[in-house]
Structure formats: C-alpha cells, structure tokens
Amino acid sequence: MGREYTFLDAGRSAYKGEHLDAKGELARFLALVDEGQIERGSTLIVESLDRLSRQDVWTAVSLLVQLLNKGIRVVTLADRREYTDPKDEQSLILSIFILSRAHEESSTKAKRLTDAFSKKRELAKTDKKPMGQVCPMWLKLTDDGTGYEPIPERVEAVRRAFELVIAGYGKHTVARMLNAEGVPTFKSVKGWGSSTVSHVVTNRAVLGEWQPFSRTLDPARKKRQPIGEPIKGYFPAVVSEAVFYEAQAAVAGRRVSQATKQSVKFNVWQGIGKCIHCGSAMHMVNKGKPPKGTTYIECSIGRKGLCESHRLIRLDHSEAVFRLMLARLDSMALVKDSGAKLARELKATEGRLLEQQEALAGYMEMARNRQSKAVAALMFEAEDKIAELEREQERLRGELAAEDAIGFDTFMQRLDLETYEGRYRANSLLKRLNVLVFAGREGFMVSEAGRMLFGVAYQNGKAGYRELSLWPKNRQLPDERLHVAALKVLMKAGPVHFVAPLEAGRAAYALEEERAQEWYDSLPDEGQSEPFYHHS
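Parameters and conventions
Residues numbered from 1 in each chain as written. Predicted model: local features only at pLDDT ≥ 70, side-chain atom pairs only at ≥ 80, totals over all residues. Heavy atoms only, no water. Helix = DSSP H or I, 4+ residues; strand = E, 2+ residues; numbered from the N terminus. Buried < 20%, exposed > 50% of the residue type's maximum accessible area, 1.4 Å probe, protein only. Contact = heavy atoms within 4.5 Å. Areas by Shrake-Rupley, 256 points an atom, 1.4 Å probe, with all protein chains shown as cover. Salt bridge = Lys/Arg side-chain N within 4 Å of Asp/Glu carboxyl O. Axes fitted to C-alpha atoms, helices over the stretch in contact; angles between N-to-C directions. Parallel < 35°, antiparallel > 145°, perpendicular 65-115°, else oblique. Left-handed = near helix turned anticlockwise from the far one by under 90°. Nonpolar A, V, L, I, M, F, W, Y, C, P; charged D, E, K, R; others polar. Phe/Tyr/Trp six-rings, centres within 6.5 Å; stacked < 30°, edge-to-face > 60°. Lys NZ or Arg CZ within 6 Å of the ring centre and 35° of its normal. Pairing = 2+ DSSP bridges. Core = buried A, V, L, I, M, F, W, Y, C linked by side-chain atoms within 4.5 Å. 1 Å grid on protein atoms, 1.4 Å probe; cavity = no way out; pocket = protein on both sides within 12 Å on 5 of 7 lines; lining within 4 Å. Points joined across faces, edges and corners; volume = space filled by probe spheres on them.

S.K.: Would you explain the overall build of the protein chain in this entry?
M.R.: Each helix and strand in the protein chain was counted, giving 14 helices and 17 strands. Within the protein chain, buried positions represent 42% of all 536 residues. Partitioning the contacts of the protein chain with sequence separation of at least 6, the portion at a separation of at least 24 is 61%. Per element, the accessible surface of the protein chain, about 30,100 Å² overall, is 52% carbon and sulfur.

Structure (structure tokens):
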C-alpha cells in the first residue's frame, strides 16, 4: 500500500484561490506532484469537486485537467464519481456544470455579503449605527447595542500613554513606565509593549473616527484597504485633536532626529545642534562623574577623527548658552499658559494641514493614472481645506507672536530646563521653528529657517551674546552652506557682551534688529567703523 497524505485548507477560500497561494495545502499537493514525491497513478480524494476550486469555470476546469494530465485520479465522495481521463467528454461536461454552479453560488454569496456590509457601513456613516461588537479595546458596545461607551480604566491608560509620548519619551520607555506604574493592559498578561504603545498613540479611533476596510480590493496582497473616508464621530473621542496632533509631532520629531536612546536628562541639542566646522550633529558624551569627569557635547564625526577642528564643549556651559538663546526666540509658549494653549492649537492645525497635503498628493497620483470627475472633486475639496488651514495657521502664528512679550528676568525664572519634560518641550519648539545652532570653539551661531540671527558664547563663567555685523560683506550669502555661513558670520560678529535685554522673546529682538538697521542706514557711507546690532 502506498503512502497516504492528508491536506486540509481550513478557512481558506477556494473562491478567491487562497488554497493555491504559497501557504495553501492544495498548492503543496501540486508541488509534491511536480517533484515526483506523489507519483502518477495516485488518487486525490475530495469531498466534492468544488473543493478543488470555486474560481471562474475555466480556471477551475484547467486545474482539474492539469491533475488528470499528470496521472492523478480524482475521486469525489459526495457523488462517488471518478475523474481519470482528461479526454472523457461526458466527465468534462459534468465537471464544467458542477464547477460553474459552485462559482455562481460563491459569487452570489460574496455579492450579498458585500451589499449587506455596504448597507451597514452607510448606516454607520449616516446614523452612527454600530457595525457590531468589534471596536477599539478601550471601548465596549452599550447594553442596548445602540452605540459604544468608554471603559474608564482603559481610557485612563490611553491618556497616560499620550501624556508620556508628548513629554518626549520613546515608545519603549513609555511601555516600561506604564508597566512600572501598574497601568493595566487591555488584554495581555505580559504587560505593555512598544508595539501596543505605538498602535494606541497613532490610532485615529481615539478621536472617534472609524475607517472601514476591505480585503477584496487587493486580493493578491491580502492587505486591508480603506473604503471611503473615515467616519467621524462613530466612536466616543477619548483625547482631543490638540493632544493627538501634539503626540504625532513628538513621534515625528524623534523619527527625524533619529532619537533612539533615552537618557535621564533629555539632550536639548538633539536634532538642532550642529558642528560649525563640518555641519555634523552634536552628540552628548559622558566623560565620567565630577570632579574628574563631566558630560560634553561633541561633533559626531569628530569623535571618529574625521573633523579636525572639533572640540569638546561642556554640557553645562552649552546649556547656559541654550537658556540665553531661548530668550531671543519665539519661546513664550514655554513660560506662558496662554502661549502654550496657542502652541497646542497651532500643532493641531499643522497636523490637519499635513494630512490634507498628503491626501492631495494621493489624489494627484490617482489622477495621473486615471481621469475621473470624482477624483477631481476630491482634489478641489482638499485644496480648499488646505487654503482654509493655511489661513488658520497664519492666524495662530500671529496670535502667538502677539504673546511674545515678557520681562527677561521673569522669562528666566519660569523657564524649565530641569525636568525631562521641560527640556523636551524646549527642544521640540525649536525644531518646529526650524532653528539650527552651529557650535564650535568660536561660540554658537543661532539660525532660524536658514537665516543667521545672532551669536552666543560662554566666557568668564557665564553666557553672553555676540551681535552680528551690519556690513553687507560680513553677512550671509544666499547660496552658502549653512555651517560655512555660520562660521563666517560668527567670526565677523562683535565681542561677547553680558547686557541682558529688558524683554525676552522674538518680537522684542526683532524690534532691536529693526532699530539697529535703521541706525546703520542713517550713517554716512564713508569713514565709519564696523557697526554691529545694538543691544539694550
């Protein structure tokens, strides 16, 4: 007696051909036949012929004929028939009838299920009627089945995860902190993991949105594809839009700066500190504990001997510079509650703006592949939303700038660079402002959106400003690389001074610049010494 094999394709669709893909058992059987491990003359026993395939009739019949041509006898138990000869016309006609009926049944069933799902989805969109018990794990179906309600302890866990991410912690650290705090998980007895944290803080269901998906749109990849626009208000929202987008900005900020290691003191120079000689990132380096050692910032390639001009800069000295630098930038959100609220609203608006820009890019790609009135309408709608959000962005920026006035001493007293969260907020704000700071033995040059603003240096145990030259020949050229321009401008800057301005903030400094420029423009063209921006 020959060897017996058992093949079971449990839960795999013969209508979609899933049993013939790489994981299908029928595909394994065919491979064994091709390899000769299942020899000619072997018998394949199936419950019925439609177990071989429920695909379209020609695909299904071709599969049957392929088996018969390879010498495989097919026996069906339901009707006790044998298929042995591919040239047997009676058997071939019968198989066509059986397989055609099977495909039609499956096709009709699939259409009914699709139509039923479409109707449910439409009711979910118009009446917010629940599709069933499947919902985010911080919610549950109400007892009367008319909606969803929060599970209080799980919602608190979600909000705590958002709070920690916004504070600047990475997903691995957030998971460890949630476990250390004893925050209950949704289902796993093993505690919080980084993937769960990531799923929670990027899931738009926390805003109450539900995105319907379908597998039928991409059967080859079996990848869930979104159907239509997300349905807003389908679930109860558990965090505000401002909180959600602030968390997305935090995640994106860590991704851009490639922050992976978590330290007790957040590196305020992360993603903004650059070497003034080569433009490489400045990294934090621990050289031991005081009094013999301390922590420094250092050029990342200088550590490898590839930047000859680099030097170690003490972290505490650089942070004195950092504090003084913040006083001349748009940093009121760090010390004023109203400014912080406006900053959160601005982040939310910028997050929505980015979403619409990405959606528009997707519609434009669709339009390139296929002309459609529906796609054109979506493009126009996205463009209108982008224009509206850009206006809102400008309004919030204007209001935030109007908040930019506070006494210098008060600013310094309120500024928090002691806690991890405070340091992270300051770093995130500078990234949003497109601030880069170029550091070297000559001092620090502060730039915003590619424009050199002012210099800062640490001398005689304290930080002071270096004002830029007003002479055009000593200013930044349009096409210069930023670190090259930074070094040139800093070398021509004025000496270090320790006169603090009366007011902190970008608006106060902008007024200072404007007055200095007016003063310079009023000077005669000849016989003047090199001028610098005035300081209070």
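More follows now that the structure is in view.
S.K.: I keep staring at the pattern of salt bridges and nothing clicks. Help me out?
M.R.: Working definition: two side chains of opposite charge can pair if their charged atoms are close together. On inspection of all chains with the given rule, the structure shows 17 salt bridges. With its nearest N and O atoms 2.6 Å apart, the salt bridge here joins R395 to E392. Residue R395 and its partner E392 are both found in helix α10 (residues 373–402); the two are separated by three residues, about one turn of the helix. One salt-bridge network, in which partners are shared between bridges, spans R204, E209, K232 and E355.

S.K.: What exactly am I supposed to notice about the packing of helix α4 (residues 152–166) against helix α5 (residues 171–180) here?
M.R.: Between two packed helices, the angle of one axis relative to the other and the distance separating the axes together describe the packing. One can describe the packing of α4 onto α5 by two numbers: an axis separation of 10 Å at closest approach and a directional angle of 135°. The orientation of α4 relative to α5 falls into the category oblique. Note that α4 runs across α5; the crossing there is right-handed. Residues R160, A161, L164 and V165 of α4 form the contact with α5, whose own contacting residues are V174, M177 and L178. Here the residues of the contact of α4 with α5 are counted per class, giving six nonpolar, no polar and one charged.

S.K.: Explain the packing of aromatic side chains here, please?
M.R.: Two aromatic rings are characterised by how far apart their centres lie and by the angle between their planes. Per the stated rule, a full pass over the model turns up 14 aromatic pairs. Ring geometry for Y169 against Y420: centres 4.3 Å apart, planes inclined by 5°, an arrangement best described as stacked. Of this pair, Y169 sits in the loop between α4 and α5 while Y420 sits in helix α12 (residues 420–432), and the two are 251 residues apart along the sequence. A relative accessible area of 12% places Y169 in the buried class. Overall, the relative accessible area of 7% leaves Y420 in the buried class. Where Y234 meets F235, the ring centres are 4.8 Å apart and the plane angle is 70°; that geometry is what we call edge-to-face. Like F235, Y234 is buried. By way of ring pairs, the aromatic residues Y148, W210, Y234 and F235 are connected into one cluster. Over the aromatic face of F454 sits the side chain of R328, whose NZ or CZ is 5.2 Å from the ring centroid. The side chain of R328 reaches across the aromatic face of Y465, ending 3.8 Å from its centre.

S.K.: Looking at this model, I keep getting lost on the pairing of strand β13 (residues 435–440). Mind explaining?
M.R.: Here is the key point about a regular strand: its side chains alternate between the two faces of the sheet. In terms of residue burial, β13 counts as a mostly covered element, since five of its six residues are buried. Sheet topology places strand β8 (residues 273–275) next to β13; three bridges connect them, and they run parallel. By the bridge assignment, K274 is partnered in β13 with F438. In this structure, β13 lies alongside strand β14 (residues 443–448), joined through six bridges in antiparallel fashion. Its bridge partner lying in β14, G440 is registered against G443.

S.K.: Help me understand the nonpolar core, please; the structure alone is not making it clear to me.
M.R.: Among soluble globular proteins, nonpolar side chains are generally buried collectively. W269, F322, M325, L326, F411, L430 and F444 are the most contacted members of the largest nonpolar core, which totals 43 residues. Among the secondary structure elements, those contributing two or more residues to this core are β10 (295–299), α8 (315–326), α11 (408–414), α12, β13, β14, β15 (451–459) and β16 (462–466). It is α8 that contributes the most residues to this core, six residues altogether. Counting residues in hydrophobic clusters, the runner-up holds 40 residues, among them C135, L178, V238 and A247.

S.K.: How do you make sense of empty space enclosed by the protein when you look at a structure like this?
M.R.: Overall, the coordinates contain three cavities of 30 Å³ or more when judged by the stated rule. What the largest cavity holds in volume is close to 50 Å³. When residues of the lining of the largest cavity are traced back to their parent elements, those giving at least two are α2 (57–69) and α3 (89–127). The class makeup of the residues in the lining of the largest cavity is six nonpolar, two polar and two charged. Size it by volume and the second largest cavity reaches roughly 40 Å³. What lines the second largest cavity is L334, L415, D416, G422, R425 and A426. Its residues placed into classes, the lining of the second largest cavity shows three nonpolar, one polar and two charged.

S.K.: Explanation requested: the sheet that holds β10 in the structure shown.
M.R.: Across a sheet, strands are paired by hydrogen bonds formed along the backbone, either parallel or antiparallel in direction. Across the sheet, three strands lie side by side as β9-β10-β11; this open sheet has antiparallel pairing. Single-partner strands in this sheet number two, and they are β9 (282–286) and β11 (313–314). As defined by bridge partners, β9 adjoins β10 across five bridges and the pair is classed as antiparallel. Considered in β10, the bridge of M284 is made with I297.

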